[in-house]
Amino acid sequence: MRVAVPHSLPKAEVRRRLDDKQDSMTNLVPGGMAEIETSWASEDRMIMTIRAMGQEMTGNVDIEDEAVVFTIDLPFALSFVEPMISGAIEQKGRKLLS
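The structure reproduced in this document is the subject of the present report. (Residues numbered from 1 in each chain as written. Predicted model: local features only at pLDDT ≥ 70, side-chain atom pairs only at ≥ 80, totals over all residues. Heavy atoms only, no water.)

Another point: the pairing of strand 3 (residues 45-52). In this structure, strand 2 (residues 35-42) lies alongside strand 3, joined through seven bridges in antiparallel fashion. Its bridge partner being in strand 3, tryptophan 40 is matched across the sheet by methionine 46. Hairpin remark: strand 2 followed by strand 3, antiparallel, with two residues in the connecting loop. Summarising the sheet, strand 3 and strand 4 (residues 55-63) pair through eight bridges and their orientation is antiparallel. Among the inter-strand pairings, arginine 51 is bridged to a residue of strand 4, identified as glutamate 56. Between the antiparallel neighbours strand 3 and strand 4 lie two residues, among them methionine 53 with a positive phi of about 55 degrees. (Pairing = 2+ DSSP bridges. Helix = DSSP H or I, 4+ residues; strand = E, 2+ residues; numbered from the N terminus.)

Rendered as structure tokens:
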């Protein structure tokens, strides 16, 4: 699953905001029942491990010039919730950047 959230910020500011709000990233998954661990793989890529609904997923957040791209490897067992999760990521991703 790939969700792009547009922005008009410098990359350094996007990194700062993502760093400052890492604790609220658990809200990206609807229901508030997720645990998310994050780390920076490079200056423009944050790695995520997500535990929710009895599943463990991996993903990343890539900072691009005009968008922040959330990519999550959603297991087949959870594919039915993809529209709900992608909508939440888009909405809450905008809040993370504000």
